[in-house]
Amino acid sequence: MCGILQSTPDPVVITPATAEEVAAALRDASERRHSLVIRGAGTKSDWGRPLGRVDAVLDMRRLNRILEHQHGDMTATIEAGATLRDVNRALAQHGQWLPLDPPFADRATMGGILATNDSGPLRHRYGTPRDLVIGIRLATTDGVLAKAGGQVVKNVAGYDLSKLVTGSFGCLAAILSATFKLAPLPRASKTLRVEAPDAAALGQMVRTVMASQLEPIAFEIEIRRSTQRPQSTRKDFSASSASSAFTILLRFASLPAVVDAQIDAASSALKGHAGSVEVIDTDDGQRLWSEHSQQLWNRDGAVVRASWLPANITTALARLEEMTAALKGGPAAGAADGATAMVGRAAVGAGLIRIDADTDSQASVIQQLRASSSFGNVVVVRGSADLKALVDVWGPHGDRQPLFDSLKRALDPAGVLNAGRGPV
Amino acid sequence: MMRDATPVDCTRQAGSDRADYNRGDMNRAFLSELRRIAGDEGVLDDALELLTYECDALPHLRESPAAVVLPTSAAEVQAIVRLCAREGVPFVARGHGTGLSGGALPVAGGLVIALSRLNRVLNVDIPNQRVTVEPGVTNLEVTRQVAPFGYYYAPDPSSQQVCSIGGNVAENSGGAHCLKYGFTVHHVLGVEAVLPDGELVHLGGEFADTPGPDLLGLIIGSEGTLAVVTSVTVRILRRPETVQTLLAAFDTIDAGGAVVSEMIGAGIIPAAVEMMDSLAIRAAEAAVHPNFPAADTVLIVELDGPAAEVTALFDVVVQTCTRHGATTIEVAQTDEQRARIWRGRKAAFAAMGRVSPNYYVQDGVVPRTRLPEVLKRIRQLEHKSGLRIGNVFHAGDGNLHPLICYDERVPGEADKAEAVAAEILTYCIEAGGSLTGEHGIGADKSQHMPKMFTPEDLALMQRVRSAFDPRGICNPGKVFPTPRLCGEVPGPYRQHPVEAAGLAERM
């Protein structure tokens, strides 16, 4: 599925070691009209539109230093090629972390995470990369090095260009380094896992937690639907007549006694609606959370990002059920014939949906999701070339399109960056 | 107040920035088209009526617009901006005029689009925790709308009773609680805005994760230079289970600073940490009588969250204060006591008027750990300059608000105050900080931008600006350094006529 290497047989791979080398590569590409793709660990290189011609790949992984960790100020400046895992190992020496947990967090680089504005369950408390970045250093296509923002958490001087490259997929400039605000590592954490008998109960529980004064660091929903019996690592659903499983995960982190008090409060608030309630302590919790974030990716099938209004989740699930009820499994679907799965941030109303079906059915579900008033911002992140030929990965940009176009013209006038991958 | 701008060449280097505009250009036809759009009562061009709009809350920068238009709908804003684009007339969007950096300073002879009549609450959605308002709604009104349901809007600039949400979006306003809760940019889910060519654009919105570059994050804090916002959807937060506030007094500012460092080192992120020095304490006491102790330094710490957490961590904070020699520790026992402590803090700027005929509010940021050293330099500057400097600051995030006292009747003192204010900014930058934490660059600090940014940095920002506003008609002359504006009178704070008349106080 590696889009870059598939689309062009042998692009040149450039491995700059300094900011100046990155700038020189960009200027050179602009002058020669060479198509250039910026890459970190490549964990998401198959996201986006199929690539056009690629003359060169700019591999950022040698720019992998933590330039500064001001632990007293809870900030760190990190080069684009550093992996989140290495960064968090280093920050932990001072009891701090960069609280991000996007998919592929064990390999993904900071530059890639920013460029895709990718995040995971911790978004509930800490936000997405755009909420944590406070300064940026960029190389532009004319070979110039420029910065914006700064090293302090509170700063409104000048334009915040870190936002401009967040979510840009490397289409406007190259990220060299970024400064982030950090958080103290929590002392203890536990997770409450709650099974809901149906979508209505799930929705009721989501609204109950949202309206409560509980303060989880993660608040997730998981929905697994299958034409066969649902698979679960934790519970045998074979006795259940339902073909869908609905789960809520609530993770609390604070002082140990506070975590216990929050777990108790959450359990009693949800007991009335729940099928089962289980408390998972730290060690098991780690496994549960890594399974939770991997489960959507560990099988073939199209994966789409989508959002919904969090309190209206029951309606959104009913719409999804209608769209997928008649799905037929494709060759890739295998045992999970016609299944869908969904993992998302309950109170944000954003997550990922996997559609295990043949390409035409996948495309049909995506089109229905886009047409539905219950969902918004439906973006294909993983999909076969056939699927990407049937539906545009990004969907329409609406009235933002002219701005995207003029920003692209302003920052990449030769049009050399990102090989048509989009979104701009 | 009008100054003749014609003999001076005001052409900007970039060629895109029309910071001045020939008043003669705004002809009768333009004004009558404005009246057709916004109605007779929606257009002001009488010199007396225009006085109110000559400046924002930074009254030493003032300029007379040719006209002010008061639209009542997004469609009217769009029609007005289209007209300006067609005629090449520069415009400045204005909220409630509480800005402290001259961000709403009119362009001489240009148009002011005052959004104060765009003040409807469009949607309150409690289950989904969001509120959509027009830009002229005040910050506090959002909280008022949702308070009965147990919710609030987190950003709380000191001027929250009067400042507008549109202005908050323009400035990316913070407030006392942004250490834990972040700024406006962290609480706005979407905006509808009119671009400088008159096209309507929706950034963000009711659904999360709009694909593409985060243009919403870019225009928040762009100080009205990229678009005119016509509606704003904000996230509201559930009131925390518990709030605990204490006020501790210390003999030295260093002792207070040490408490802050130790708290944060222990992994405690307070909802707010504020410090005031003796001059600021005296001023606040004289103005609103918060019953603050007569001390060198007071520290206000607020924790919020689950009861078990707040109780446990609050004990740690109290012990830390005691260990560092707090002379008084007052724990607010009631909402009224808590409100009184905050009243003293939030009145601090306005209160300086009680101890000095004139004052200048500076806004700079340093990395929190560099606070003691920068405060020491400010003390030395105070002795050297002979001007008293009060200090109020958000200690958790290193955001300083030195209040420079002077008397404009003393020849040269106003200039000296301006020089002192500029010197303090230099200290902030030398310590790795910023020119502004929350008041914005506006017209006031644009000439300082090269202290923090290279020509390359600024050129890149200008390229982005040009992508939004190629003709440079949207709040020109702000944020970026240009030669002194034509007609601009340099110098620090002078009292606004409305203030002098006792009709308003600076927040």
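Residues numbered from 1 in each chain as written. Chains lettered and ligands numbered in written order. Predicted model: local features only at pLDDT ≥ 70, side-chain atom pairs only at ≥ 80, totals over all residues.

1. Re the overall build of chain A
Inclusion rule: Here a helix means four or more residues in a row that DSSP labels H or I, a strand means two or more in a row labelled E, and each is numbered from the N terminus. This radius of gyration counts C-alpha atoms alone. The globule rule is 2.2 Å times how many residues there are, raised to the power 0.38. Here, residues touch in the contact sense if the C-beta positions derived from the backbone fall within 7 Å of one another.
Within chain A, the regular secondary structure consists of 14 helices and 18 strands. Rg of the C-alpha trace for chain A: 22 Å, near the compact-globule value of 22 Å for 424 residues, within the 12% margin. Over its C-alpha atoms, taken along the principal directions, chain A stretches across nearly 65 × 55 × 35 Å. A fraction of 71% describes how many contacts in chain A between residues 6 or more apart in sequence connect residues 24 or more apart.

2. Some words on the interface of chain B and chain A
To keep it simple, the criterion reads: When residue character is reported, Ala, Val, Leu, Ile, Met, Phe, Trp, Tyr, Cys and Pro are called nonpolar, Asp, Glu, Lys and Arg charged, and the others, Gly included, polar.
Facing 68 residues of chain B, the contacting portion of chain A comprises 69 residues. Broken down by secondary-structure element, the contributors of at least two residues to the side of chain B that touches chain A are β9 (200–204), α7 (215–219), α10 (307–323), α15 (449–452) and α16 (455–468) of chain B. Take the side of chain B that touches chain A: its biggest share by element is nine residues, from α16(B). Tallied by class, residues from the side of chain B that touches chain A come to 29 nonpolar, 25 polar and 14 charged.

3. Some remarks on the packing of helix α8 (residues 199–211) of chain A against helix α11 (residues 313–324) of chain A
All names here are of chain A. To keep things clear, this is the line we draw: Lines fitted to C-alpha atoms define the axes, with helix axes restricted to the stretch in contact, and inter-axis angles between N-to-C directions lie between 0 and 180 degrees. Note on terminology: angles under 35 degrees are roughly parallel, angles over 145 are roughly antiparallel, angles of 65 to 115 are roughly perpendicular, and the others are oblique. A crossing counts as left-handed when the near helix is turned anticlockwise from the far one by less than a right angle, and as right-handed when that turn is clockwise.
α11 packs onto α8 with a crossing angle of 150° between their chain directions and a minimal axis gap of 8 Å. Viewed along their axes, α8 and α11 adopt a mutual orientation that is roughly antiparallel. Note on packing geometry: the crossing formed by α8 with α11 is right-handed. Contacts between α8 and α11 involve Ala199, Ala200, Leu202, Gly203 and Val206 on the former and, on the latter, Ile313, Thr314, Leu317 and Ala318. Along the lines of polarity and charge, the residues of the contact of α8 with α11 split into seven nonpolar, two polar and no charged.

4. Focus on the domain arrangement of chain B
All names here are of chain B. Applied cut-off: Domain segmentation is taken from an automatic or database assignment of domains.
One can read the domain layout of chain B as domain 1 (121–238) and domain 2 (242–430). When each unit is reduced to the centre of its C-alpha atoms, the spacing between domain 1 and domain 2 is 28 Å. With six residues of domain 1 at the contact, the number on the domain 2 side is twelve residues. Residues that form the side of domain 1 that touches domain 2 fall into these classes: three nonpolar, two polar and one charged.

5. Brief notes about the sheet that holds strand β7 (residues 133–139) of chain A
Residue and element names in this part refer to chain A. Where we set the bar: Strands are labelled as partners when DSSP assigns at least two bridges between them.
Read across the sheet, five strands follow the order β4-β5-β9-β7-β8 without closing on themselves; strand pairing throughout is antiparallel. Only two strands of the sheet have a single neighbouring strand rather than two, namely β4 (66–70) and β8 (145–149). The sheet shows a mean angle of 10° between the axes of neighbouring strands, direction not considered. The sheet contact formed by strand β5 (residues 75–79) and strand β9 (residues 174–181) spans five bridges and is antiparallel. Directly across from Ala76, in β9, lies its bridge partner Phe180. Contacting β4 and β5, helix α3 (residues 84–92) crosses the sheet at an angle of about 35° to β4.

6. A word on the confidence of the model for chain A
All names here are of chain A. Put simply, the rule reads: pLDDT expresses how confident the predictor is about each individual residue, on a scale running from 0 to 100.
For chain A, the mean per-residue pLDDT works out to 91, and 91% of the residues sit at or above 70. Note on residues 1–7: pLDDT under 50 across the span, and 17 contacts to partners over four residues away in sequence or across chains. Predicted confidence is poor over residues 330–337, with pLDDT under 50, and the contacts of this stretch with residues over four places away or in other chains come to 16 contacts.

7. Observations regarding the domain arrangement of chain A
Residues and elements named next belong to chain A. Domain boundaries in chain A define domain 1 (1–185) and domain 2 (188–390). On a C-alpha basis, the centres of domain 1 and domain 2 stand 29 Å from each other. By residue class, the composition of the side of domain 1 that touches domain 2 is five nonpolar, two polar and five charged.

8. Structural notes on helix α11 (residues 335–346) of chain B
Given 3.6 residues per turn, any residue in an α-helix points the same way as the ones three and four places further on. So the rule is basically this: Between the first and last residue of a helix there are one fewer steps than residues, each counted as 1.5 Å, and that sum is the expected span.
Here α11(B) contains twelve residues, and its C-alpha end-to-end distance of 16 Å stays within 8% of the 16 Å for a straight helix at 1.5 Å per residue. Among the structural elements, β12 (242–250), β13 (272–277), α9 (278–288), β14 (297–305) and α12 (348–351) of chain B are those in contact with the buried residues of α11(B).

9. Some details on helix α2 (residues 19–32) of chain A
Residue and element names in this part refer to chain A. Applied cut-off: Between the buried cut of 20 or more and the exposed cut of 12 or fewer other C-beta atoms within 10 Å of a residue's own C-beta lies the partly exposed class, and all C-beta atoms are placed from the backbone. As used here, the arc is the angular range of directions from the helix axis to the C-beta atoms.
With 14 residues, α2 extends 20 Å between its outermost C-alpha atoms, agreeing within 8% with the 20 Å of an ideal straight helix rising 1.5 Å per residue. For α2, the complete set of buried residues consists of Val22, Ala23, Ala25, Leu26, Ala29 and Ser30. The buried residues of α2 occupy an angular sector of 160° when the element is viewed end-on, so they sit on one face. For α2, the elements touching its buried residues are β1 (12–14), β2 (36–39), β3 (56–59), β7, β8 and β9. Two residues or fewer past α2, Arg33 is found with a positive phi of approximately 55°.

10. Comments concerning the sheet that holds strand β3 (residues 91–94) of chain B
Residues and elements named next belong to chain B. In space, the four strands of this open sheet follow the order β1-β2-β4-β3, with mixed pairing throughout. Each having just a single partner strand, β1 (43–44) and β3 make up the two edges of the open sheet. Alignment of strand β2 (residues 67–69) against strand β4 (residues 111–114), held across three bridges, turns out to be parallel. Bridging from a neighbouring strand, Ala67 pairs with Leu111 of β4. Relative to β4, helix α3 (residues 74–87) is tilted by about 170°, and along the sheet it contacts β2, β3 and β4.

11. Structural notes on the packing of helix α9 (residues 256–270) of chain A against α10(B)
Contact geometry of α9(A) with α10(B) gives a least axis separation of 8 Å together with a crossing angle of 165°. Relative to α10(B), the element α9(A) lies roughly antiparallel. The chirality of how α9(A) crosses α10(B) is right-handed. Note on element contacts: α10(B) touches α9(A) through B:Ala308, B:Glu309 and B:Ala312, opposite A:Ala257, A:Val258 and A:Ala261. A breakdown of the residues in the contact of α9(A) with α10(B) according to their chemical character gives five nonpolar, no polar and one charged.

12. Structural notes on the environment of A:Ala90
Residue and element names in this part refer to chain A. Its location among the elements puts Ala90 in helix α3. The sequence separation of Ala90 and His69 amounts to 21 residues, and the corresponding C-alpha distance is 8.9 Å. Setting aside residues no more than four positions away along its own chain, Ala90 makes contact with Ile66 and His69.

13. Concerning the nonpolar core
We count it as follows: When buried Ala, Val, Leu, Ile, Met, Phe, Trp, Tyr and Cys residues are joined through C-beta atoms within 7 Å, the set is termed a nonpolar core.
Within the largest apolar cluster, 290 residues are counted, with the highest numbers of intra-cluster contacts made by A:Leu58, A:Val304, B:Ile113, B:Val298 and B:Ile404. Here this core takes eight residues from helix α14 (residues 413–430) of chain B, the largest share from any one element. For B:Ile113, the residues in contact, after removing those within four places along its chain, are B:Val69, B:Pro71, B:Val77, B:Ile80, B:Phe91, B:Ala93, B:Arg94 and B:Val228.

14. Focus on unusual backbone geometry
Residues and elements named next belong to chain A. The omega angle of the peptide bond from Gly422 to Pro423 is 10°, so this bond is cis rather than trans. Locating Pro423 in the fold gives a position in the segment after α14 (401–411). Phi is positive for Met74, close to 55°, though the residue is something other than glycine. Mapping Met74 onto the fold places it in the loop between β4 and β5. A positive phi angle is found at Phe104, which is not glycine, with a value near 60°.

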